[in-house]
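# Architecture at a glance
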Amino acid sequence: MAFPKKKLQGLVAATITPMTENGEINFSVIGQYVDYLVKEQGVKNIFVNGTTGEGLSLSISERRQVAEEWVTKGKDKLDQVVIHVGALSLKESQELAQHAAEIGADGIAVIAPFFLKPWTKDILINFLKEVAAAAPALPFYYYHIPALTGVKIRAEELLDGIQDKIPTFQGLKFSDTDLLDFGQCVDQNRQQQFAFLFGVDEQLLSALVMGATGAVGSTYNYLGRKTNQMLEAFERKDLSLALNYQFCIQRFINFVVKLGFGVSQTKAIMTLVSGIPMGPPRLPLQKASREFTDSAEAKLKSLDFLSFTDLKDGSLEASS
Ligand SMILES: CC(=O)N[C@H](C=O)[C@@H](O)[C@H](O)[C@H](O)CO
Ligand SMILES: CC(=O)C(=O)O
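Rules used throughout
Residues numbered from 1 in each chain as written. Chains lettered and ligands numbered in written order. Predicted model: local features only at pLDDT ≥ 70, side-chain atom pairs only at ≥ 80, totals over all residues. Heavy atoms only, no water. Near = heavy atom within 4 Å. Polar contact = N/O pair within 3.5 Å; in protein donor to acceptor, adjacent residues only side chain to side chain. Areas by Shrake-Rupley, 256 points an atom, 1.4 Å probe, with all protein chains shown as cover. Nonpolar A, V, L, I, M, F, W, Y, C, P; charged D, E, K, R; others polar. UniProt positions renumbered as here; feature names shortened; annotations may be inferred. Helix = DSSP H or I, 4+ residues; strand = E, 2+ residues; numbered from the N terminus. Contact = heavy atoms within 4.5 Å. Buried < 20%, exposed > 50% of the residue type's maximum accessible area, 1.4 Å probe, protein only. Patch = residues over 30% accessible without salt bridge, like charges linked within 9 Å, V, L, I, M, F, W, Y side chains within 5 Å. Salt bridge = Lys/Arg side-chain N within 4 Å of Asp/Glu carboxyl O. Core = buried A, V, L, I, M, F, W, Y, C linked by side-chain atoms within 4.5 Å. Axes fitted to C-alpha atoms, helices over the stretch in contact; angles between N-to-C directions. Parallel < 35°, antiparallel > 145°, perpendicular 65-115°, else oblique. Left-handed = near helix turned anticlockwise from the far one by under 90°.

Our focus in this paragraph is the site of ligand 2. Residues in close proximity to ligand 2 include A14, F47, G50, T51, T52, Y143, K173, V216, G217 and S218, which together make up its full environment. Within the side chain of T52, an N or O atom sits 2.6 Å from an oxygen atom of ligand 2. Here ligand 2 has 210 Å² of accessible area as a free molecule, and 93% of this is covered by the chains. Across the shell around ligand 2, the residue classes break down as 4 nonpolar, 5 polar and 1 charged.

Dropping the structure here:
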């Protein structure tokens, strides 16, 4: 199927859903958040209501409102707004898909249903197909995140012949560390114009080598500029500089992973770096501790991630 839209590429920030201290969605900062991503991070694509956005912890009505607010505030500023519409209920997923089309989103993404699970590739395809059909004019992306869904059907198998079943299929968001599976997705679909979006930020460079055409992730909210520098170095075939950037990003992610890193901590870091209040997460998540935020801040400072000036090669080598 031919779409008027150009292919989704480059960095895509998985948006946080800002909340007030009372746990309500704080719509009032979304306009500011869009400007921050574009101007301070050089990130012009977003992925809304996914893992980072606590999409599965929001009500259907909240998901609709959040999607609408991002599309409205992103108009003429963002390149593409992809809405995650996955849900356990096929009906809800279809409702969200149709809504995404109505509000003018640029694409929809769906995870595998993760309570009553599809056990075979064909069953999963049938589920995805029913959702995609509710938005027949929107590019469709499969969001592969086996560690969270528990659905371990390999992406490479899923992609085999997928466009025959789902004509709007346009790409894959691959949030797993299995680079054999990812590489084979790329290798076996070379003749297609699919977007191969990698979702493990600390390993993006390896995925670029395997043919990733872009990346969706939580850290692009605040490390977008650094990661863009890595992408540029990779484009110029300056692999050693690209690796310096990746290692620098890894030093930060490795540090926070050891402290315990997830959506709550992403909210705290983004608040710190952007100055925009992201608020606490919603239960079952717990707010990041003060100790976490203080340690993360010290690490960001030591890596020079809190200023927007470029790291000199020397300081890249020196920081640890
Ligand atoms: C599980 C999860 O949230 N993965 C995110 C996107 O898929 C990533 O952006 C990670 O947050 C990031 O790679 C840090 O581990
Ligand atoms: C990281 C990502 O893609 C998500 O939050 O869904």
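Time to look at the UniProt feature "binding site: pyruvate" (unreviewed entry) in the protein. Under the UniProt annotation, the feature "binding site: pyruvate" (unreviewed entry) is placed at T52 and V216. A maximum C-alpha distance of 10.6 Å places the annotated residues, which cover 165 residues in sequence, within one compact spot. For T52, the location among the structural elements is in the loop between β2 (45–48) and α2 (60–74). In this structure T52 touches A14, T15, I16, T17, S218, V263 and T266, once residues within four positions along its chain are discounted. Position of V216 relative to the elements: it lies in strand β8 (residues 214–217). Every residue in contact with V216, bar those within four places of it in the chain, is listed here: V12, A14, F47, K173, L197, F198, G199 and D201.

Once that is clear, we can look at the environment of R282. Its location among the elements puts R282 in the loop between α12 (263–274) and α13 (290–302). Judged by relative accessible area, R282 falls into the buried class, the value being 18%. Excluding residues within four positions of it along the chain, R282 makes contact with M19, G23, E54, S57, L58, S59 and E62. In this structure the side chain of R282 is engaged in a polar contact, spanning 3.0 Å, whose partner is the backbone oxygen of G23. For R282, the side chain forms a polar contact with the side chain of E62, separated by 2.8 Å.

The next subject is a nonpolar patch on the surface. Where nonpolar side chains cluster on the molecular surface, the patch consists of L88, F115 and L116 and spans about 390 Å² of accessible area. For F115, the position within the fold is in the loop between β4 (107–110) and α4 (121–132).

Before going further, it helps to examine the nonpolar core. Formed by 91 residues in total, the largest nonpolar core has its most connected members in L128, L204, F252 and I269. Among the elements that make up this core, the one with the highest residue count is helix α11 (residues 239–259) (8 residues). If near-sequence neighbours (up to four positions away) are discounted, L204 is found in contact with L11, F198, G214, A215, Y220, T227, M230, L231 and Q246. By size, the runner-up hydrophobic cluster in this structure holds 13 residues, among which are V82, I111, Y143 and I145.

One way to put it is that α2 packs onto helix α3 (residues 90–103) with a least axis distance of 10 Å and a crossing angle of 20°. As judged from the angle between their axes, α2 and α3 are roughly parallel. Every pair of crossing elements has a handedness; the one defined by α2 and α3 is right-handed. Listed contacts from α3 to I60, R63, R64, A67, E68 and V71 of α2 are E92, E95, L96, H99 and I103. Residue composition of the contact of α2 with α3, by class: 5 nonpolar, 1 polar and 5 charged.

As a further point, take the site of ligand 1. With respect to spatial proximity, the complete set of residues near ligand 1 consists of T51, Y143, I145, K173, S175, G199, V200, D201, E202, G217, S218 and F261. S175 has a polar side-chain atom sitting 2.7 Å from an oxygen atom of ligand 1. At a separation of 2.7 Å, an oxygen atom of ligand 1 approaches a polar side-chain atom of S218. Protein contacts shield 79% of the accessible area of ligand 1, which totals 390 Å² for the unbound molecule. Taken together, the residues that form the shell around ligand 1 break down as 4 nonpolar, 5 polar and 3 charged.

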